[in-house]
Amino acid sequence: MSESQNAAINPFETALKQLDEAAKLINLDKGLHEVLAHPKRVLTVSLPVKMDNGEIKVFTGYRSQHNDARGPYKGGIRYHPQVTIDEVKALSMWMTWKCAIADIPYGGGKGGIICNPKEMSVGELERLTRRYAYAIADIIGPRTDIPAPDVYTGGREMAWIMDTYSALKGNYVQPEIITGKPLAVGGSLGRNEATGRGLSFTVREAAKKLKVNMKNTTVAVQGFGNAGQFASQLVEELGATVIAASDSQGGVYNKNGINVASLRKHKEKTRAVGGFSGTKSITNEELLELDCTILIPAALENQITAKNAGNIKAKIVAEAANGPTTPEADDVLYKNKILVIPDVLANGGGVTVSYFEWLQNLRRDYWTEDEVNQRLDKNVTKAFLDVYETHEKYGVNMRKASTVLAVNRVVEAIKIRGLWP
Ligand code: GLU
């Protein structure tokens, strides 16, 4: 996804810039600003893994714990060759804001391992995952830091981590150590779809505000992984027509519409969206600039930059990915009257259902899918309206409004708790 081209943009600098802008707007105390600018703890681990060919390879992993004023650190674990310590730190700060905006009792954390899971066997991935779980076991916990899936990790990895952690810490099953698990080991109904479903609720609310009828909307989705696929399917259910989708190898386009269920089947079979019948191939860059109503970046960071922001034609940008838009691009989009539903709001459905999963685990009492989805709708809609109100009150874009709302909530908790020792 144009990774090398934009690798020079440091996500932690982006996150700090966003924090600076929010701090200015609310006249944040300098000391508290400083507290929020630094993760509370960042752990780097070296992970020796026996590869299938008998050699030992050492991988590097991280866990960044940004802030826990409102509750335990919470956030996913990413497997990607381009993971950096600064990316993980940025993502952990965004998790703090995301949980505060969703108003769930968590702080923010994030983990990552520098690796290419596409080039590893299942056995190698299991050994790497268990080694990582072992290496971070002393700083995570059901009441302290609860990991989850992120880019290129899923239920399978979560189950290995739960198993390793449970074996290490008392040798009894502790499903509440991690979320995004398969149903058989304490996962929640609706968790798989949650990021996409939450995003579709924010798009529905944004369309209401802009007085756009969902039935007249067209959608382009950059990234067809878990979030991108469910987001496409669920906006389609709201009446929208998906006209383009892409993955790391490129995209497909049909101005009359693409059936999302069929495209998902094609992707499952061939592992790529490319070559889907009745479509024209386009690049990821072209997809972003398509004439459409709703653009969903669902891949990686730094996709909408100062270079291409002026060419974006969508009315609504709903960020399924974390950090897809740079601060410079944000200003251009705002000037061009494009409503950006920022990552920390648009993709907050994932961590919200993670919270529901954790509640179910703690009580060993499980909910129906309807109950999960209804509570998700209520929660995401409230978050959207809270951010929208802040956006109108301060006359700033939705990202600044999100950060202001989040920082205010986190700072209130820090102040009430006080500093000790
Ligand atoms: N990795 C997801 C995110 O960025 C989910 C985090 C979670 O469920 O804790 O929001």
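Residues numbered from 1 in each chain as written. Predicted model: local features only at pLDDT ≥ 70, side-chain atom pairs only at ≥ 80, totals over all residues. Heavy atoms only, no water.

Okay, the overall build of the protein next. For the protein, the helix and strand inventory stands at 15 helices and twelve strands. Since a compact globule built from 421 residues should have a radius of gyration of about 22 Å, the 20 Å found for the protein is in line with a globular shape. In terms of its C-alpha atoms, the protein occupies a principal-axis envelope of roughly 55 × 55 × 45 Å. For the protein, the residues scored as buried account for 60% of the 421 residues in total. Long-range pairs, those at least 24 residues apart, make up 70% of the contacts in the protein with a sequence separation of at least 6. For the protein, the exposed surface amounts to about 17600 Å²; the carbon and sulfur share of it is 50%. Side chains of the protein give 52 positive and 47 negative charges; the mean places of these two sets differ by 2 Å. (Helix = DSSP H or I, 4+ residues; strand = E, 2+ residues; numbered from the N terminus. Rg over C-alpha atoms; globule rule 2.2 N^0.38 Å. Buried < 20%, exposed > 50% of the residue type's maximum accessible area, 1.4 Å probe, protein only. Contact = heavy atoms within 4.5 Å. Areas by Shrake-Rupley, 256 points an atom, 1.4 Å probe, with all protein chains shown as cover. Lys, Arg positive; Asp, Glu negative; His and termini not counted. Charge placed at Lys NZ, Arg CZ, Asp CG, Glu CD.)

Attention now moves to the pairing of strand 5 (residues 145–149). Summarising burial for strand 5: four of the five residues are buried, a large majority. Judged from the five bridges that link them, strand 3 (residues 73–80) and strand 5 form a sheet pairing that is parallel. Looking across to strand 5, one finds that Ile77 is bridged to Pro149. (Pairing = 2+ DSSP bridges.)

Attention now goes to the pattern of salt bridges. A side chain of one charge can pair with a side chain of the opposite charge when the charged atoms of the two come close. For the coordinates displayed, the defined rule picks out 26 salt bridges. Residue Asp163 is joined to Arg130 by a salt bridge in which the shortest nitrogen-to-oxygen separation is 2.8 Å. Taken together, the residues Asp163 in helix 6 (residues 155–168) and Arg130 in helix 5 (residues 122–136) connect sequence positions 33 residues apart. Judged by its relative accessible area of 40%, Asp163 is partly exposed. Accessibility expressed as a relative area gives 26% for Arg130, which makes it partly exposed. Close ionic contact of Lys400 with Asp331 constitutes a salt bridge, the shortest N to O distance being 3.9 Å. Of this pair, Lys400 sits in helix 15 (residues 398–417) while Asp331 sits in helix 11 (residues 327–335); the two residues are 69 residues apart in sequence, bridging distant segments of the chain. Taking relative accessible area as the criterion, Asp331 reaches 37% and is therefore assigned partly exposed. (Salt bridge = Lys/Arg side-chain N within 4 Å of Asp/Glu carboxyl O.)

The subject of this paragraph is the sheet that holds strand 2 (residues 56–67). Pairing within the open sheet is mixed, and its five strands lie in the order 1-2-4-3-5. Of all strands in the sheet, those bounded by a partner on one side alone are strand 1 (41–50) and strand 5. The mean angle between the axes of side-by-side strands here comes to 25°, regardless of whether they run parallel or antiparallel. Two strands pair when backbone bridges link them, and strand 2 and strand 4 (residues 108–114) are joined in this way by six bridges, in the antiparallel orientation. Paired with Ser64 across the strands is Lys110, a residue of strand 4. Each of strand 1, strand 2, strand 3 and strand 4 touches helix 4 (residues 85–102); the most contacted strand, strand 4, lies at about 150° to it. (Axes fitted to C-alpha atoms, helices over the stretch in contact; angles between N-to-C directions.)

By the element assignment, His66 lies in strand 2. Ignoring anything within four residues of it in the chain, the contact list for His66 reads Leu36, His38, Pro39, Lys40, Tyr73, Ser92, Met93, Thr96, Trp97, Gly108 and Gly109.

Right, let's get into the packing of helix 7 (residues 194–210) against helix 13 (residues 349–363). Where helix 7 meets helix 13, the closest approach of the two axes is 7 Å, and the angle between their N-to-C directions is 120°. It follows that helix 7 is oblique to helix 13 by the angle criterion. Once helix 7 is placed against helix 13, the crossing between them reads as right-handed. Where helix 7 approaches helix 13, its residues Ala194, Thr195 and Gly198 are matched on the opposing element by Gly349, Gly350 and Val353. Split by residue class, the contact of helix 7 with helix 13 holds two nonpolar, four polar and no charged. (Parallel < 35°, antiparallel > 145°, perpendicular 65-115°, else oblique. Left-handed = near helix turned anticlockwise from the far one by under 90°. Nonpolar A, V, L, I, M, F, W, Y, C, P; charged D, E, K, R; others polar.)

So, on to helix 9 (residues 260–270). Those residues of helix 9 that sit buried are Val260, Leu263, His266 and Lys267. Looking straight down helix 9, one finds its buried side chains confined to an arc of 120°; they lie on one side. Seen from the open side of helix 9, the exposed residues pointing more than 90 degrees away from its buried face are Lys265, Glu268 and Lys269. The secondary structure elements touched by the buried residues of helix 9 are helix 8 (226–237), strand 7 (241–247) and strand 8 (250–253). Two to three positions downstream of the cap, the backbone nitrogen of Ala261 sits 3.1 Å from a side-chain oxygen, assigning the N-cap of helix 9 to Asn259. Remark: Arg271 follows helix 9 within two positions and exhibits a positive phi of approximately 70°. (Arc of directions from axis to C-beta. Polar contact = N/O pair within 3.5 Å; in protein donor to acceptor, adjacent residues only side chain to side chain.)

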